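Single-letter residue listing:
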Amino acid sequence: MERALIFVRGRVQGVGFRWWTRARALELGLVGHARNLPDGRVEVCAQGDPESVAALVDLLREDPSFRSRPGHVAGVTVQRHPVREGLTGFAER
């Protein structure tokens, strides 16, 4: 198991980006959340199989997006963190 905090910058608020991220995360069997930050970025917390976390990061970075990702991603930063027990589902916050 692995947990990553992924910070996505660009035109990612108000365009359906969190909904799209949640759908991809659930397809990959991940738990966590996607939420807007006051500075215009989206924070994605993704926990699960390391290959699935890496696949989500790749989808967030993909340029151009072949999976109809809304908005425009200008950059992605990934931080690895210890796994958190008790996380369930994937929420849009």
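The model shown is predicted, which means the values in this text are computed figures rather than measured ones.

**Considerations on the side chain of serine 52**
Within the element layout of this structure, serine 52 appears in helix 2 (residues 50-61). Given the relative accessible area of 14%, serine 52 is considered buried.

**Some points on the side chain of threonine 21**
Tracing the backbone through its elements, the reader meets threonine 21 in helix 1 (residues 17-27). Reaching out from threonine 21, the side chain makes a polar contact with the backbone oxygen of phenylalanine 17 at a distance of 2.9 Å.

**Some remarks on the nonpolar core**
In a soluble, globular protein the nonpolar side chains are often hidden away together inside. Counting 20 residues, the largest nonpolar core has Ile6, Val8, Phe17, Val44, Leu56 and Leu60 as its most contacted members. Only strand 1 (2-11), helix 1, strand 3 (42-48), helix 2 and strand 4 (72-81) provide two or more residues apiece to this core. If one sorts the elements of this core by residue count, helix 2 sits on top with 5 residues. Beyond its immediate chain neighbours, meaning those up to four positions away, isoleucine 6 contacts Val42, Glu43, Val44, Ala46, Val57, Leu60, Val76, Thr77 and Val78.

**Some thoughts on the sheet that holds strand 1**
Sheet strands pair via backbone hydrogen bonds, and the direction of the pair is either parallel or antiparallel. Taken together, 5 strands build an open sheet; the order of strands is 4-1-3-2-5 and the sheet is mixed. Each edge of the open sheet is held by one strand with a lone partner, namely strand 4 and strand 5 (90-92). The mean inter-strand angle of the sheet, taken between neighbouring strand axes irrespective of direction, is 15°. In this structure, strand 1 lies alongside strand 4, joined through 9 bridges in antiparallel fashion. When the bridges of strand 4 are listed, arginine 11 appears paired with histidine 72. The strands touched by helix 1 within the sheet are strand 1, strand 2 (31-36), strand 3, strand 4 and strand 5, with strand 5 carrying the most contacts at an inclination of about 175°.

So, how was this worked out
- Residues numbered from 1 in each chain as written.
- Predicted model: local features only at pLDDT ≥ 70, side-chain atom pairs only at ≥ 80, totals over all residues.
- Heavy atoms only, no water.
- Helix = DSSP H or I, 4+ residues; strand = E, 2+ residues; numbered from the N terminus.
- Buried < 20%, exposed > 50% of the residue type's maximum accessible area, 1.4 Å probe, protein only.
- Polar contact = N/O pair within 3.5 Å; in protein donor to acceptor, adjacent residues only side chain to side chain.
- Core = buried A, V, L, I, M, F, W, Y, C linked by side-chain atoms within 4.5 Å.
- Contact = heavy atoms within 4.5 Å.
- Pairing = 2+ DSSP bridges.
- Axes fitted to C-alpha atoms, helices over the stretch in contact; angles between N-to-C directions.

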